[in-house]
Amino acid sequence: MNKICTVLFVFLSFFSFSQQDVKFSHEAGFHENPFYLKVDSSFGTILYSFQNNLNRRSRIFSDSLLIDKNTTLSFGLYVGDSIVKLGSKSYFIGFETKFDVVSLTISHKALYDSVSGIYMHGPHAYYDTNLHVMLNSNYSKKSEREIYVEIFDSSGNRIVNQDAGIRTFGGMTIYYPEKSLRLIARKKYGESRFKANIFNQGKKKYKQFILRHSGNDYRRTRFKDVLSTTLAAQSGLDVQAFVPSHLFVNSEYWGVYNIREKLNEYYIDNNYDCGTEGVDLLQAFKKVEEGTVDKYEELLNFIDNNKMKVDENYNHLSTLMDTRNFTNYWIYQMYFGNTDARGNIRFWRSDSLDGKFRWIIYDTDLGWGNYKSTLLDDFTSPIKTKWYNPTWSTYLLRNLLKNKTFERDFINQSAYLLSSLLNTENVQNKISEFEEMYKQEMVYHFENRKKFQSYQGNLKKWQKEVNQLKFFALKRDNALLSQIQKKFHFSDPYNLNISVENSENGKVLLNNNELINSTFSGTFFSELDLPISIVPNVGYSFSGCNKSIIENKNGENISIHIVFIQNQKSDKKVVINEIDYKNDCIEIFNQENESINLKAWKIVDKNNNAYTVENGILKPKSFAVFHLKQVEKMDSVLYYNIDFGISSTNECIALYDGKGNFVDSIAYKLTEIENSYSRNIPFENVEQTTIVWENNSDVTIGFHNGTYTELTTSIQKRKTKYSIILYSGITILILLISFFIYRKKKSTLKS
């Protein structure tokens, strides 16, 4: 009977219990001074541990506990004969940092048990005399253990706190004394995703993330790869997002690690919102990480069976792969001198997008060594010359370079990047940013961690490695440009200088790259024509360059000055009459007494989303409607389906005629959301009523709004009334005149 009561009590307790019923005197996070932690619960006994190994023999939290140093505690509630896990809480005393902080709670045995610990060799490991590592070790297997994860962002907010799985992570770096770690969310641990703003990109759902010690750079700067990917991301290449952090394991400080996105199908979905179905993610030579290799083999077979020097074949290949992405990928790898690009090639495609393969910059730790690196020659060689350039790894680039269109774009793009994003000034500035970001945190890293410290050096050594990166950046751009000149047998390059006046009113694209600043100075080769495109904002034109190609056969330096000029106001009397922000509609009205051809007219919003009219004749005193969503249509109205929405709170809509001249605009900032924002009358003045814009609950898209309808009805009534009075008066007057004429005639006849 007692056992039944106990079971019933436990069942009811579990049913009614929530973690809010346990009261902690202090929240997990950062505290200036030591304190006594108190925990209260009316449901059962509180247990705690310094590891993630709560059991019946764990310590009982009796009254209070002094927290006078960085401490992580795992808590549980002992109810009846069972333990309800309450998770872990990490407390940091007097610890100041600009980095995120990751705190892991795990059982000591899961890490260091001689048989099963994932940080140990294990009983079946053996030494490989060629690789000089312990093969078949526990850490080289996909062994997973349970762990509790907390992440505190740089503002001190605990953004992740949940049970998860942990594995070691890496290729050859997994054999180093210090290892990178993979954290995995699984339903069996509680949550199937980490739902948090981990990478300052907004709150997202992550299946996994990595705690990376910087790979082959782990004893040097601890940021080399995130420096590389930050530079590559400036060209739109796919990279793993990162957040620098300090890592604590069971209260012990382990050092500076970088939180990185895990490359998998969830990474593709998070970055492209394309779902995880139909994603192919491959590595190195046809190694499938996700999906299948079928489409990649189709791409390779096409190259095998078709000559790439033929433009038609190259154009078809461009439907199978993003050639500009591929070009940028290899330029960055060559700049970094990353020999590990051989095995760390990652590329992907999605059925939900355009189906093209794209490449990911990944693991560049073996780069940034010799600024004279010959990767350009190595990865375009038809035969294997080094350990890192087997023919399968150079196959695509070698074959694409057989096509003159690709070759011209590859060389021009190399020259552009080496003159801009990869020039000495830009790269050294980026290194300095990372130096400033990491330096003070590395002081803490070297002074406070004990684990792994014998392998790590000191701050002086770290600074020397950072300076080496700056030296590499000082030399590498010119060295690689010289290698390009030599390989393709070009004469000395020329300097191109471009200055842009009023650059906010348009953009200049050089080899299809938008110039970032109002001035540009670059080095290019006279043997190749260089594409240039000047795109003024709607309502603007430009002067200073009327060519789409820069030709420079004589190799002399060139200077171009471009000015963006605002166009004049249109002479067409068309107005924006109503904005239906609920249904994403814009209404315009023709005030004129003649029809207007709307061909090439543009409607533009504050974000420069634009719609261009292909054709249409707007009749006098008639409406045209631009709509995103489906609307009921009237025969008397022109309709155009746009592809952008309209803000209900803060918007600016502008209308331009076919010559790019300004016609009309409306801007608003609303605090109360109704249904539409409209003119009271479609003209500047009607019967002493002037134009007023109103936030309305009514929607009158395609016909006149209520105010104007009432006004015109009133006017019409008055006109009708006056007409009746006038006609009546005229009729009476005619009758009177007729009567007097009749009387006069009658009087004349009598006389």
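Relevant structure appears above.
These notes cover the structure that comes with them.

Counting across every chain of the model gives 28 salt bridges. Here K85 makes a salt bridge to E146, at a shortest N to O gap of 3.4 Å. Pair noted here: K85 is in strand 8 (residues 82-93) and E146 is in strand 12 (residues 145-152), with a separation of 61 residues, a long-range link. Here D584 ties to K629 by a salt bridge, and the two come within 3.8 Å at their closest N and O atoms. Taken as a pair, D584 in the loop between strand 32 (574-580) and strand 33 (585-590) and K629 in the loop between strand 38 (623-627) and strand 39 (638-641) lie far apart in primary sequence, 45 residues in all. Owing to a relative accessible area of 38%, K629 belongs among the partly exposed residues under this scheme. Connected via shared salt-bridge partners are R212, D225, R260, D363 and D365.

Let us look at the sheet that holds strand 30 (residues 549-550). Backbone-to-backbone hydrogen bonds join strands into a sheet, with any given pair of strands oriented parallel or antiparallel. Reading across the sheet, the four strands line up as 26-25-28-30 and stay open at both edges, with antiparallel pairing between neighbours. Since the sheet does not close on itself, it has two edges, and those belong to strand 26 (513-514) and strand 30, each with one partner. As judged from the two bridges shared by strand 25 (residues 506-510) and strand 26, these two strands associate in the antiparallel manner. Considered in strand 26, the bridge of L510 is made with N513.

Within the fold, K142 resides in the loop between strand 11 (133-135) and strand 12. When the C-alpha positions of K142 and I118 are compared, they lie 9.1 Å apart, and in sequence the two are 24 residues distant.

A separate point is the sheet that holds strand 38. The strand order across the open sheet formed by six strands is 39-38-33-32-42-45, and the pairing between neighbours is mixed. Strands with a single pairing partner mark the edges of an open sheet, and in this sheet they are strand 39 and strand 45 (693-696). The mean angle between the axes of side-by-side strands here comes to 25°, regardless of whether they run parallel or antiparallel. Across six bridges, the pairing between strand 32 and strand 33 is antiparallel. Bridging from a neighbouring strand, V574 pairs with N590 of strand 33.

Applying the stated rule across the entire model yields zero disulfides. In this structure C652 is a free cysteine whose sulfur lies 18 Å from that of C585, the closest cysteine sulfur available. The class of C652 is partly exposed, set by a relative accessible area of 33%.

This part is about the side chain of T339. Mapped onto the fold, T339 is located in the loop between helix 7 (323-336) and strand 22 (346-350). Given a relative accessible area of 16%, T339 falls into the buried group. Non-local contacts of T339, meaning those with residues more than four positions away in its chain, are made with L366, L375, F379, W387 and Y388.

In this section: the pairing of strand 17 (residues 208-212). Taken across its five residues, strand 17 has five buried, putting it largely inside the fold. Burial along strand 17 is two-sided: Q208, I210 and R212 facing one way and F209 and L211 facing the other are all buried. Looking at chain direction, strand 14 (residues 180-184) and strand 17 are connected through four bridges and run antiparallel. The residue of strand 17 that forms the bridge with I184 is Q208. Where strand 17 meets strand 19 (residues 252-261), four bridges bridge the pair, whose relative direction is antiparallel. When the bridges of strand 19 are listed, L211 appears paired with I259.

Before going further, it helps to examine helix 10 (residues 404-419). Every α-helix carries 3.6 residues per turn, so stepping three or four residues along brings you back to the same face. Its 16 residues place the ends of helix 10 22 Å apart at the C-alpha level, agreeing with the 22 Å of an ideal helix rising 1.5 Å per residue. Among the 16 residues in helix 10, 13 count as buried, and that is most of the element. A side-chain oxygen of the first residue of helix 10 lies 2.9 Å from the backbone nitrogen of T405; this N-cap is N403.

One non-glycine residue, S214, lies in positive phi territory at about 95°. Position of S214 relative to the elements: it lies in the loop between strand 17 and helix 3 (224-233). Classification of S214 as buried rests on a relative accessible area of 2%. The phi dihedral of H489 falls on the positive side, at around 60°, and the residue is not glycine. Inspection of the secondary structure puts H489 in the loop between helix 12 (459-487) and strand 24 (494-501).

On to the packing of helix 10 against helix 12. Running from amino to carboxyl end, helix 10 crosses helix 12 at an angle of 160°, the nearest separation of the two axes being 10 Å. The orientation of helix 10 relative to helix 12 falls into the category roughly antiparallel. Once helix 10 is placed against helix 12, the crossing between them reads as left-handed. Contacts between helix 10 and helix 12 pair I411, S414, A415 and L418 from the former with D477, L480, L481 and I484 from the latter.

Looking now at empty space enclosed by the protein. By the definition in use, this model includes three cavities of 30 Å³ or more. The calculated volume of the largest cavity comes to roughly 120 Å³. Contributing elements (two or more residues each) for the lining of the largest cavity: helix 7 and helix 9 (391-400). Ranked by the residues each element gives to the lining of the largest cavity, the list is headed by helix 9, at six residues. For the lining of the largest cavity, the residue count by class is eleven nonpolar, two polar and no charged. In this structure, the second largest cavity encloses a volume near 40 Å³. Lining the second largest cavity are Y206, K207, Q208, E261, K262, N264, Y266, Y267 and N270.

What counts, and at which threshold
Residues numbered from 1 in each chain as written. Predicted model: local features only at pLDDT ≥ 70, side-chain atom pairs only at ≥ 80, totals over all residues. Heavy atoms only, no water. Salt bridge = Lys/Arg side-chain N within 4 Å of Asp/Glu carboxyl O. Helix = DSSP H or I, 4+ residues; strand = E, 2+ residues; numbered from the N terminus. Buried < 20%, exposed > 50% of the residue type's maximum accessible area, 1.4 Å probe, protein only. Pairing = 2+ DSSP bridges. Axes fitted to C-alpha atoms, helices over the stretch in contact; angles between N-to-C directions. Disulfide = S-S within 2.5 Å. Contact = heavy atoms within 4.5 Å. Expected span 1.5 Å × (residues − 1). Polar contact = N/O pair within 3.5 Å; in protein donor to acceptor, adjacent residues only side chain to side chain. Parallel < 35°, antiparallel > 145°, perpendicular 65-115°, else oblique. Left-handed = near helix turned anticlockwise from the far one by under 90°. 1 Å grid on protein atoms, 1.4 Å probe; cavity = no way out; pocket = protein on both sides within 12 Å on 5 of 7 lines; lining within 4 Å. Points joined across faces, edges and corners; volume = space filled by probe spheres on them. Nonpolar A, V, L, I, M, F, W, Y, C, P; charged D, E, K, R; others polar.

Worth remembering: the numbers are spatial, not functional.
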